Structure formats: structure tokens, C-alpha cells
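# Examining the three-dimensional arrangement
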Amino acid sequence: MGRLLIIGCGGVAGVAIHKCCQNSKTFTEICIASRTKEKCDALKEKLEKTTDTVITTAKVDADNVDELIRLIRDYKPDAVLNVALPYQDLTIMDACLACKVDYIDTANYEPEDTDDPEWRKIYEKRCKDEGFTAYFDYSWQWAYQEKFKEAGITALLGSGFDPGVTSVFTAYALKHYFDEIEYIDILDCNGGDHGYPFATNFNPEINLREVSANGSYWENGHWVETEPMEIKREYNFPQVGDKDMYLLHHEEIESLAKNVPGVKRIRFFMTFGQSYLTHMKCLENVGMLSTSPIQFEGREIVPIQFLKALLPDPASLGPRTVGKTNIGCIFTGKKDGKEKTIYIYNVCDHQECYKEVGSQAISYTTGVPAMIGAALVVDKVWDKDGVFNIEEFDPDPFMDMLNQYGLPWIVDENPKTVE
Ligand code: NDP
């Protein structure tokens, strides 16, 4: 029995909210709060006839801590699920802290304005100290550790698929299959086709920033940076087939490097078709991926935000996307002194997701774990004071719920490895 305040009502939130409504035993009441209240009201109207969960809605600007505090004090939730954007992570954490309410999210903090001189000073020092240049990192949220501990509340970071399920797969492998994990390759394959020449599967701004950045991986205690898309491999994905995949920087590498003792190397690969890469390069070359404002016909616009307005809304891709995703991790390590390798993965079918919740598989594979993480926190199955990445909790109840809520997983004990 619990009350959840959900912030954001986009692609991922839509799935998380559907899934909360399938789990009315835990979520007796939910409040959907976002910037555009009409979207929250439309979803409430669609879902309330189908569920015992009592749904309310609210308008909130999640960049404004006072507004968030007012909403939390008024609704009195057991936890807040942040499925807005990474830009709002810190304001929502501040509000949770002020109200002593648990916090869950799916992506680590990244500033909206990367030209902000104060942020840039800290960022440039971090690039030098740590050796990776991505705009997002965990330092901002890990800095809340003592404050959350003192307040007696939990912050669960990264409860999506990657980070999220891939991190739980790691905790599960460590608990049940290995004494020590030495190598982790996280493979994210989207074998889906939406029929558009170019579209992104989740928020275009966040997606294109991530994909056009330098790649990096963790090796022997430090980061190794690469040019964007410099390292390419081919892999034959179960139930999808042969795909090209490219090494990217990805946020779970940072927390897994800290939380997996003795790990020697962690890499992340994502599949892209040639057409996607050619479009992205062209947009980048003409300046359309820039986050710096420019003057256009007497007003200021941010090129990547303008591009977002032109691209298909990821939430609208559901009906047209066919094919499957396959996301998982290949682990190599030691058990009882012997070397072994296993591959844990989930395969998700875009059209089946659409039939069930009206979304494509990328939103589905993120929204389901967001609900599961929130349920385990609300039910106090996961209950630790402080700020934690998801691999720091017992993976077993999460793994059971993945099977129960639509993301069944497979363990292959004899997989093909990545060169
Ligand atoms: P969308 O852009 O579809 O949705 C974002 C939602 O947040 C929208 O409803 C938007 O409102 C709302 N929002 C934005 N700014 C504010 C604000 N200031 N105040 C209140 N509401 C706001 O994004 P997605 O659903 O694709 O992504 C959601 C989150 O999931 C992101 O953080 C993304 O990084 C993360 N993600 C994580 C993955 C993982 O595997 N871990 C994978 C994919 C995504 P409006 O409708 O008005 O625009």
C-alpha cells in the first residue's frame, strides 16, 4: 500500500504509469505531475477505468524547488519517481530532502545549460581529474549521500534499463555466478525499425547529446577516452541477428567501476544503422546538435531544441516500430578458481509493447524497471538511508519482478564474447 508521486509524463513515464496501474497492491494511489498537465489528465482518463489505483494529476515546474515542495507537502507521497529529464534531478532531490521523502530516478544529472560558467568550471576540473568528458556524471548526486542518510531517506539512482536492469544483472551475476567479475561488456541492441529516415527512440536532446559525445571505457582503474564512434564491433544478437555496434560512454560504467570489486574492464556498446549515423553527423556538422543559444530572426533559439521540435515525438513511434531489442551484459570472471563467461539479456518486441501499453520497446524497457524500483522502495523491500546506485541493493526481488512485469531475462552460460 503506498502513494507515489510521478514527475514527468513523456514516453518513459507513460509506461511506468501503466505498470504502476498493473500493481495496485503496491500503488494504491499515484499522482502524475508534469509541466503540461493536459498530458497527465489524458493518461489518467485512459487508465482509471482499467485499474484499482486511484490517479490524480497536477501541474508542476520541476525546475522550481519551492513548487515541488508545495506539491509533495500537499500530496504526501511515500516516494517520488523522477521520470522527467536529467536536468531536474537535483531540484527534485532537494525537494525530497526538504520533505523527507524517498527518491527514484532513471538517469544521472546533466545540466540543461552546458555554457553556465559555474558548472563549466567544475566540469572542466572533473574532466582533468577523472579523464572522461561526458556532460553527465554521478558526482552531483553522490554529493547528497550524507544529507539523505541524515534525513533517513533513500535515493535510488538509475532504475531504468541501462542504467538499471544492466546494473541489476551485474549484481545478480556477482551474487549467483561469480566470486569475482573481471570484464563486463554491456550490449544495447535495438533491432527495431520505425520507418522514418531519422528519429530518436527517447528524448532527442538527451539521446543525441549522449551519442555524439566521445566514447570511453573503464580499464585497470582509469577511463580510456575514444573519438565518437571510433570503436566498432559486430555481434550476432540472439533473436535479432548481426548488428554493428559502437563503443559509447555510458553512465552505469561510472558506478559499476566503483561497486564491482576488482573489475578490470567495463565497456558499453550500442547498435546504430549507417543511416542514423550519417544523419547525425550531418546534423552535427551544420550545428544542429549545439546546446548554445543563437539569435534567429530577433529571438534566441537553442539549435538542438529546435531540432527536437522537428523530429518525430518518440512517444509517437509505438504504432510504427517493428522488430526487437536485445539488451544485456556479458560477464567474464572467476568461480571457484575457474574462468567462466555468462551473458544475461532481455529480448523485447516493439509491437508487443505497443499492444500492451501503447509504446515502443525503448520506453517500455525503461518504464518497467522504473516502476519496479519505485515498488521495491515504497514496499520497503529496498530500504537504506543514503544515495545508492541500483546495483547496491539485493538483485533477487528485482529480477523476479522483471519476469512478472514483462521483461523476462535469459542466462546463456556459453555465449560468444566481444573481441
Ligand atoms: P520525454 O521527453 O518523453 O518526457 C519528459 C517529460 O518530462 C515530459 O512529460 C516533460 O514535459 C517533462 N518535463 C520536462 N521538463 C520538465 C519540468 N521542468 N517540469 C516538469 N516536467 C518536465 O523523455 P523520456 O520519457 O524519453 O525520458 C524520461 C527520462 O528517462 C529521461 O531522464 C531519460 O534520460 C531517461 N531514460 C533512461 C533510460 C535508461 O535506460 N536508464 C533510457 C531512456 C530514457 P512536457 O510534456 O511538457 O515536455
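Parameters at a glance
- Residues numbered from 1 in each chain as written.
- Predicted model: local features only at pLDDT ≥ 70, side-chain atom pairs only at ≥ 80, totals over all residues.
- Heavy atoms only, no water.
- Helix = DSSP H or I, 4+ residues; strand = E, 2+ residues; numbered from the N terminus.
- Buried < 20%, exposed > 50% of the residue type's maximum accessible area, 1.4 Å probe, protein only.
- Contact = heavy atoms within 4.5 Å.
- Pairing = 2+ DSSP bridges.
- 1 Å grid on protein atoms, 1.4 Å probe; cavity = no way out; pocket = protein on both sides within 12 Å on 5 of 7 lines; lining within 4 Å.
- Points joined across faces, edges and corners; volume = space filled by probe spheres on them.
- Nonpolar A, V, L, I, M, F, W, Y, C, P; charged D, E, K, R; others polar.
- Domains from an automatic or database assignment.
- Patch = residues over 30% accessible without salt bridge, like charges linked within 9 Å, V, L, I, M, F, W, Y side chains within 5 Å.
- Areas by Shrake-Rupley, 256 points an atom, 1.4 Å probe, with all protein chains shown as cover.
- Salt bridge = Lys/Arg side-chain N within 4 Å of Asp/Glu carboxyl O.
- Lys, Arg positive; Asp, Glu negative; His and termini not counted.
- Charge placed at Lys NZ, Arg CZ, Asp CG, Glu CD.
- Buried area = accessible area lost by both parts, 1.4 Å probe.
- Polar contact = N/O pair within 3.5 Å; in protein donor to acceptor, adjacent residues only side chain to side chain.

Okay, the environment of leucine 157 next. Position of leucine 157 among the secondary structure elements: in strand 6 (residues 154-157). With relative accessibility at 1%, the residue leucine 157 sits in the buried group. Taking C-alpha positions, leucine 157 is 25 Å from isoleucine 55, a pair spaced 102 residues apart along the chain. Those residues within four positions of leucine 157 in sequence are excluded, and the remaining contacts are Tyr103, Asp105, Tyr138, Gln141, Trp142, Val387, Phe388, Asn389 and Ile390.

Burial of strand 6 is two-sided: the residues Thr154 and Leu156 facing one way and the residues Ala155 and Leu157 facing the other way are all buried. Pairing of strand 5 (residues 102-105) with strand 6 involves 2 bridges; the strand directions are parallel. Bridge pairing in strand 6 places tyrosine 103 opposite alanine 155.

This brings us to the layout of surface pockets. Gaps left between atoms are located by rolling a probe of water-molecule size over the structure's atoms. In this structure, the second largest pocket encloses a volume near 310 Å³. The wall of the second largest pocket is formed by 17 residues, among which Tyr135, Arg209, Ser212, Ala213 and Leu289 lie closest to the centre. Ranked by residue count, the leading element in the lining of the second largest pocket is helix 9 (residues 204-212), at 4 residues. Per-class residue counts for the lining of the second largest pocket are 8 nonpolar, 5 polar and 4 charged. Residues from two domains meet in the lining of the second largest pocket; each of domain 1 (2-157) and domain 2 (165-357) gives at least three.

A contiguous patch of negative charge, built from Asp61, Asp63, Glu112, Asp113, Asp115, Asp116 and Glu118, is present on the exposed surface. Within the secondary structure layout, aspartate 116 lies in the loop between strand 5 and helix 5 (117-130). When its relative accessible area of 31% is taken as the criterion, aspartate 116 is described as partly exposed.

Quick look at the domain arrangement of the protein now. Taken domain by domain, the protein comprises domain 1 (2-157) and domain 2 (165-357). Summarising the inter-unit geometry, the C-alpha centres of domain 1 and domain 2 are found 22 Å apart. In total, about 2000 Å² of surface goes out of reach between domain 1 and domain 2, with carbon and sulfur atoms giving 50% of it. A per-residue breakdown of the area domain 1 buries against domain 2 is headed by Phe132, Phe136 and Trp142, which together make up 25% of the total. Where domain 1 meets domain 2, there are 2 salt bridges. In this structure, the connection of domain 1 to domain 2 is made through 14 residue pairs in polar contact (both at pLDDT 80 or more). Contributing elements (two or more residues each) for the side of domain 1 that touches domain 2: helix 1 (11-21) and helix 6 (139-142). The element best represented in the side of domain 1 that touches domain 2 is helix 1, accounting for 4 residues. The residue inventory of the side of domain 1 that touches domain 2, partitioned by class, reads 12 nonpolar, 9 polar and 7 charged.

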